[in-house]
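# Coordinate inspection notes
One-letter residues, chain by chain:
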Amino acid sequence: MVEGKRADLRRMGYEQNNQYKRLLAFVIFLIAALSLITATFLNPIFMKKQIRTSYNRAVVVRQVNKNYDSLADLINADSEDNSNLLSDTQTQPIADHIIDYSLGIHWFKVTSLPLANQILSDIDQGIAKGSSSGAQEVNRKLKKQGTNAPYAIIKAFNLSVITLGANIAGLLFIVNLIIIIVTIITMVSLLNDMKSRATIRMVIHGTMAAGMWAGFWLILISGLLALVPVIFNVDNIEFGFLLEIGSSVFLEYVIAGVIIYIICAIPWQITAAK
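The model shown is predicted, which means the values in this text are computed figures rather than measured ones. (Residues numbered from 1 in each chain as written. Predicted model: local features only at pLDDT ≥ 70, side-chain atom pairs only at ≥ 80, totals over all residues. Heavy atoms only, no water.)

Moving on, we get to the packing of helix α3 (residues 54-74) against helix α4 (residues 88-102). Here α3 crosses α4 at 85 degrees, and the two axes come no closer than 9 Å. Comparing the axis directions of α3 and α4 gives the class roughly perpendicular. Of the residues in α4, those touching α3 at R57, V60, V61, V64 and N65 are D88, T91, Q92, I94 and A95. Looking at the contact of α3 with α4 residue by residue, the class counts come to 5 nonpolar, 3 polar and 2 charged. (Axes fitted to C-alpha atoms, helices over the stretch in contact; angles between N-to-C directions. Helix = DSSP H or I, 4+ residues; strand = E, 2+ residues; numbered from the N terminus. Parallel < 35°, antiparallel > 145°, perpendicular 65-115°, else oblique. Contact = heavy atoms within 4.5 Å. Nonpolar A, V, L, I, M, F, W, Y, C, P; charged D, E, K, R; others polar.)

Right, dumping it as structure tokens:
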């Protein structure tokens, strides 16, 4: 009779311990994932560095030139195929200003006109005599547009969508910070509850096991997301270029997951029952 009760208590303790581990794994994963997203995708400094890598630079040049071609058609700038292409140095300031406009801490945006004027200035300053004839023709036609030129930029570069994205990014930044703070408080509460029911060694062992699971899921999910542009053709998808740029960022998440796993694995092994 007594032995049966002890077995039930051990089983309850084991099940409760597993429940704590699952909750901690989810909380640690949530903190790690949201922290990484806030520090990368929602960080203009990081993203401007990211688009300068060899692979992403080509993606940015292709996308800006795609918008520039739309602008050429919109203002009836006659040119031969691919003759109005912008170079890397000409597209980079445009991409930088779009990132600065979209990411970071900012107020709610109601108009994309300031960004359109900035892109207009980037085009005017970037296109010199050494540019292609088609690119110079687009610039000449833009100048003839006068006060209508910024509105042509807004339409060709889909700046209304970028304004919406900027507001969503700003909201996500705030929400992420709130969720991170709440999850940290939740994790501290869980750890305190665990300490009241188990030894320090068991708490460390269980926490590190949860951290390993969090690292594993971060590796798995980030790895799958990084493979999306490799497996599928995203060129014809709206904003598919974001998936291509995001692919290299998700690979860094995989590295972060590996680091979390290794850091947690060492104390987990040390605190394992003899």
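Next, the rest of the story.
Core analysis: the biggest nonpolar cluster contains 43 residues, and L71, I119, I123, I153, F157 and L159 have the highest contact counts within it. For this core, the elements supplying multiple residues, two or more each, are α2 (44-50), α3, α4, α5 (113-126), α6 (133-145), α7 (149-156), α8 (159-195) and α10 (240-270). Here the element with the most residues in this core is α3; it accounts for 6 residues. For I119, the contacting residues outside a window of four places in its chain are I94, I98, I153, F157 and L159. With 11 residues, the next largest nonpolar core counts A25, V27, I28 and V203 among its residues. (Core = buried A, V, L, I, M, F, W, Y, C linked by side-chain atoms within 4.5 Å. Buried < 20%, exposed > 50% of the residue type's maximum accessible area, 1.4 Å probe, protein only.)

A separate point is the packing of aromatic side chains. Here the distance between the centres and the angle between the planes together describe a pair of aromatic rings. Under the defined criterion, the tally for this structure stands at 5 aromatic pairs. Relative to Y253, the ring of F250 lies with its centre 5.5 Å away and its plane at 90 degrees, an arrangement referred to as edge-to-face. Of this pair, F250 and Y253 both sit in helix α10, 3 residues apart, which is roughly one turn of the helix. The residues F250 and Y253 share a single accessibility class, namely buried. Each residue in the set F41, F250 and Y253 is aromatic and connected to the rest through ring pairs, giving one cluster. In this structure, K109 is placed above the aromatic ring of Y101, and the distance from its NZ or CZ to the ring centre is 4.5 Å. (Phe/Tyr/Trp six-rings, centres within 6.5 Å; stacked < 30°, edge-to-face > 60°. Lys NZ or Arg CZ within 6 Å of the ring centre and 35° of its normal.)

In this section: α5. Its 14 residues place the ends of α5 20 Å apart at the C-alpha level, agreeing with the 20 Å of an ideal helix rising 1.5 Å per residue. Within the sequence span of α5, burial applies to L115, A116, I119, D122 and I123. Along the axis of α5, the buried residues cluster in a sector spanning 120 degrees; they form a single face. Seen from the buried face of α5, the exposed residues on the opposite side, beyond 90 degrees, are P114 and Q125. (Expected span 1.5 Å × (residues − 1). Arc of directions from axis to C-beta.)

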